[in-house]
Every structure is written in structure tokens, then in C-alpha cells.
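Commentary on secondary and tertiary structure
So the chains spell out like this:
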Amino acid sequence: MSKINQSEINDVAWRACDTFRGVVDAENYRNYILVMLFWKYITDVWRDHRDAYLREYDGDEVRVARRMARERFQLPDGCDFYSIHALRTGTDIGERMNVALAGIEEANKAKLEGVFREVDFNSESKLGQTRDRNARLKLLLEDFASPKLDLRPSIVGEEDVIGNVYEYLLERFASDAGKKAGEFYTPGQVSKLLALLLAPKKGDTICDPTCGSGSLLIKVGRQADERDFALYGQEMNGTTHALCRMNMFLHGMDNFRIEWGDTLRNPRLFDGDHQLMKFDIVVANPPFSLDKWGHDEAEADPFHRFHRGRPPKSKGDWAFITHMIETAREGSGRVGVVVPHGVLFRGAAEGRIREALIKENLLEAVIGLPANLFFGTGIPAAILLFNKGKTHGDVLFIDASREFKDAKNQNVLTDEHLTKIDATYRAFQTVEKYAYRATSQELADNAFNLNIPRYVDTFEEEAEIDLDAVKREITTLEAELAEVRAKMQGYLEELGV
């Protein structure tokens, strides 16, 4: 059988959403579609491996069962996709689907407990009354039974096809649903840029304290060598937390720990002494200027994360940044964070925190990004890089805001743009009208204001105007205009007007 094209799989998966469009909110059917994809994937992998062992052991069911018991996950009898697909015309199909998914969770508690918690295939409020619900679920099961969605590794190959489909759906949902659904997703090119800039090494521990669906965390992890790394994350939204764990699983990431909870009010990644864990790399795209982030509780923070000052009640940007810096490994940890531009120059408490971090020589680079890169917001953003192993006192400013591809709905950074930003950061030198290496004294002279135009001069002088040429052009135009008027007058006289 020939291999299936990645775009074909993407299209079939996206068309499956038609069953729900106009009937169920996108935010709700997103979870159903992603769970169906996950379910179909583990079923196809299970069947593929079982078939291979049957061939290897000449049909010896006992040996095959023993070998299957050591698989990466377990799929109990009757809980696979095809068993439920065979029952798709039943009047209790929603209940049967729920029971099957519960069976999968129960058999894989360590890895999958709670991942289906937000999905109820028997929900009248989300999927309609019994007759309508059953009809929709029958269509859904038939869509995912399409030969185009045969996700067996022997068919799709060793490439990360299923991970790519999952990412494709996440991005389409985020793009189509606007800000509300876009909050959980960092565009692929921004994730890739952070992965390049942070350059994780073999054996690194990598954490995203606002990990969303985990796409950024996975991208940074994959930049490390040979998958010898450990991923950690925390996510406040229960639905997105479940999506993240499925995303990790589908990308073959087994060495991960994703916690559910509010990172600022209730951090949950501790070491053996119940202290905040320290990581080699901390990366995040936290919510921009979050209101009610936990200002009142910050003063009594048991982990003393806000010793440089409490960020304002209505803007939590520096609270997330401070948390990230406090959880980076002392002497070597690196931090990469996406921020709105206000973080660079706002005063008062934010200005004092910024000044303290600069004086501690932790800030390494400020990179301005183009506007309209993110789903649901057109405002420009920047990346701040901090380094606890920094060996000099300078800060590099890069203005990458003017170089992008103008796509249909959003601007895009191409691989060429990413390579240029990364190369400029590696060189750490001034580049005319693009980058500037500022000394600590220059930062102090600017009152620790990090607004990029203060450092990177992008002013383009206008070309000198040739006044003589302009006069000649005006004279020519006036002569042509007089000629046209004369002709018009002649025509009018002929008409007797």
C-alpha cells in the first residue's frame, strides 16, 4: 500500500469537523476531534504492532500477548476504535464511546489519566438530543474510519505524521476561532525561533510554566540531541492541560511531566525538598498583560519569587518573567519569553523590576518581532532572553519587526528570517539598521528603558529631491493639460455648446 500524503491526512481530519460545524461551538468540537484523532492513532499503532508480532511469532498468541504487554501503552479488548465503529448504528453509541475511553485511561493511568475528562460523547447539552447525537457520532466514526486516515506506522512511516496532524488541527482551530481559542497556541515559527535561540543541549531539562497545548515545549525539546531531554510544564486550563498530554504522547515524548494548575498562585513543579525545581531552559509565551494574576498573594509568596518587587495588579507580565528566572538553574540556566512591547518601557513597579534584572546582568537580548504574528491579536511582540551564565555586561537588541512574509490573515516569519535572527544573536555584534550591542552604561543612560528604537536606528533618509527635474515635469504636465483643454474647447464649439 502506498504511503499517504501528509496534506491528505490533514484535509481528511479537518473535513471531519464538518459533522459539528454550525451545531456545536468550535471550542467544544475541537476537543472531540482531537480525542478522535488520538483514539484512532493508538488503535492503528496497536493493530500494526500486533500484526507484526503475529508474523514474527508464527501466530503464537501467547507470545504475542506477552510482547504486547510491554508496549508503550495498553489497549484493552473492546476499547479500540474499530470495535466501537462496528457499533456505530447503536442507540447507545455515545455511552459506549465514553466507556471505551474510560477503559483506555484506566489501563494507562500513569500516562493518560484525565486526558479525556473534558469529552463526553453522551452529552445532550453539547451534542444534541439522542437521535441527533447518534447521527452525528455515526458520521464522526465513519469519517475517522476513512482509509485516508490509516495511521499505522507501516503506512505513514517513521516520520512524525500524527504529531503533524495534531499540530495542524491545533493551529487551524486557533486561527479560525480567534482570540479565545488562540490563547493556547504559539505559532509554529515563533516556537521554532525560540528553539533556535535557546539551543537546548543533550540532557537538558526544559520547562514551560504556561505550556498550553505543549507545542512550544515540544519544539524546544526537539532542538536538543537524540531526544535525550526531559520536558516539564504547567497549564491552568484543564482542557488545554489534557490536550498537552495527548500532544506529548502523539509526538513520542515519554519523558515529560505536565502539571495542572495556576503557575503564579500554585506552582506544582517541586524538587524533593518541596522547593521550586530548577531547569536548564525555561521558555514560555505567557498571557499578555494578564489582569488579576495574583498580586495580593504575591507579597506572601512562600518561594520568594517577587523579591525584586511586585508587578502591578492589572499586568502580570513581569510576574511570569520573574517566575521563569527564579526557576532557571543558577549559574547556567537560560530563559526565553515572548512579551508585549509595554514590558520594555513601562515604569513604576515594572521599571524597578526591569532595572534590578539588568543590574544583576541577567538580560542578554531583546528581539522585536513583526506585528500580527499571533492568533487573535495584531499587536507586535518581543522576545526577551535571559542567561544566568552570562560572561559579559552587554545586551543585544535586534529589530526584526520589518522583515516578514505578508500572508493572507497573518504575517509569517520564514526560515530565512529565523536564520537571520539566530545568526545575528550568535554573532552578538551591531548590524547597521538591524541590531545593536549596547553596554550596561548605555542601558543606564536610557534609564533602563528597553524600547528597541532607542538602540537600533532604523531611520531611512529620504532620497534627495531633484528640484530642476520636478520643475521640468510640472512644465510638461501644464503644457499637456493646456493642449487637452484646447481640444476640449474645440469639440464643445463644434457641438455648439
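Cut-offs applied
Residues numbered from 1 in each chain as written. Predicted model: local features only at pLDDT ≥ 70, side-chain atom pairs only at ≥ 80, totals over all residues. Heavy atoms only, no water. UniProt positions renumbered as here; feature names shortened; annotations may be inferred. Patch = residues over 30% accessible without salt bridge, like charges linked within 9 Å, V, L, I, M, F, W, Y side chains within 5 Å. Areas by Shrake-Rupley, 256 points an atom, 1.4 Å probe, with all protein chains shown as cover. Salt bridge = Lys/Arg side-chain N within 4 Å of Asp/Glu carboxyl O. Helix = DSSP H or I, 4+ residues; strand = E, 2+ residues; numbered from the N terminus. Axes fitted to C-alpha atoms, helices over the stretch in contact; angles between N-to-C directions. Parallel < 35°, antiparallel > 145°, perpendicular 65-115°, else oblique. Contact = heavy atoms within 4.5 Å. Nonpolar A, V, L, I, M, F, W, Y, C, P; charged D, E, K, R; others polar. Pairing = 2+ DSSP bridges. Core = buried A, V, L, I, M, F, W, Y, C linked by side-chain atoms within 4.5 Å. Buried < 20%, exposed > 50% of the residue type's maximum accessible area, 1.4 Å probe, protein only.

Within an unreviewed UniProt entry, the label attached to the protein chain reads site-specific DNA-methyltransferase (adenine-specific), and the organism entered is Luteolibacter flavescens. Under the heading Catalytic activity (unreviewed entry), UniProt records this for the protein chain: "a 2'-deoxyadenosine in DNA + S-adenosyl-L-methionine = an N(6)-methyl-2'-deoxyadenosine in DNA + S-adenosyl-L-homocysteine + H(+)". Under the UniProt heading Sequence similarities (unreviewed entry), the entry covering the protein chain gives this text: "Belongs to the N(4)/N(6)-methyltransferase family."

Some words on a nonpolar patch on the surface
Judged by side-chain polarity, Ile465, Leu467, Val470 and Ile474 come together as a nonpolar surface patch covering roughly 380 Å² of accessible area. Here Val470 is to be found in helix 21 (residues 467–494).

A few points about the packing of helix 5 (residues 93–107) against helix 8 (residues 130–144)
Running from N to C, helix 5 and helix 8 cross one another at 50°; their axes reach a closest spacing of 9 Å. Our classification of the angle between helix 5 and helix 8 gives oblique. Residue-level inspection shows Ile93, Gly94 and Met97 of helix 5 in contact with helix 8, the latter providing Asn134, Leu137 and Leu141. Split by residue class, the contact of helix 5 with helix 8 holds four nonpolar, two polar and no charged.

Observations regarding the sheet that holds strand 4 (residues 281–284)
The nine strands are arranged 3-2-1-4-5-7-6-8-11 in an open sheet whose pairing can be described as mixed. Looking along the sheet, the strands with just one partner apiece sit at the ends: strand 3 (256–260) and strand 11 (435–438). Neighbouring strand axes in the sheet, compared pairwise and without regard to direction, differ in orientation by 15° on average. Direction of pairing for strand 5 (residues 334–340) relative to strand 7 (residues 381–387): antiparallel, over a ladder of seven bridges. Note on strand 7: the bridge partner recorded for Val338 is Ile383. In this fold helix 16 (residues 317–326) packs onto strand 4, strand 5 and strand 7, with an angle of close to 175° to the strand it touches most, strand 5.

Quick look at the nonpolar core
Ile33 and Phe121 are the most contacted members of the largest nonpolar core, which has 58 residues in total. Secondary-structure elements contributing two or more residues to this core are helix 1 (6–15), helix 2 (26–56), helix 3 (61–68), helix 4 (81–85), helix 5, helix 8, helix 10 (161–177) and helix 14 (238–250). Looking at which element gives the most residues to this core, the answer is helix 2, with 15 residues. Each residue touching Phe121, except ones within four places of it in the same chain, is listed here: Tyr32, Val35, Met36, Gly94, Met97, Asn98, Leu101, Leu127, Arg133, Leu137 and Leu140. One finds Ile206, Leu217, Leu231 and Ile367 within the second-largest nonpolar core, a separate group that totals 41 residues.

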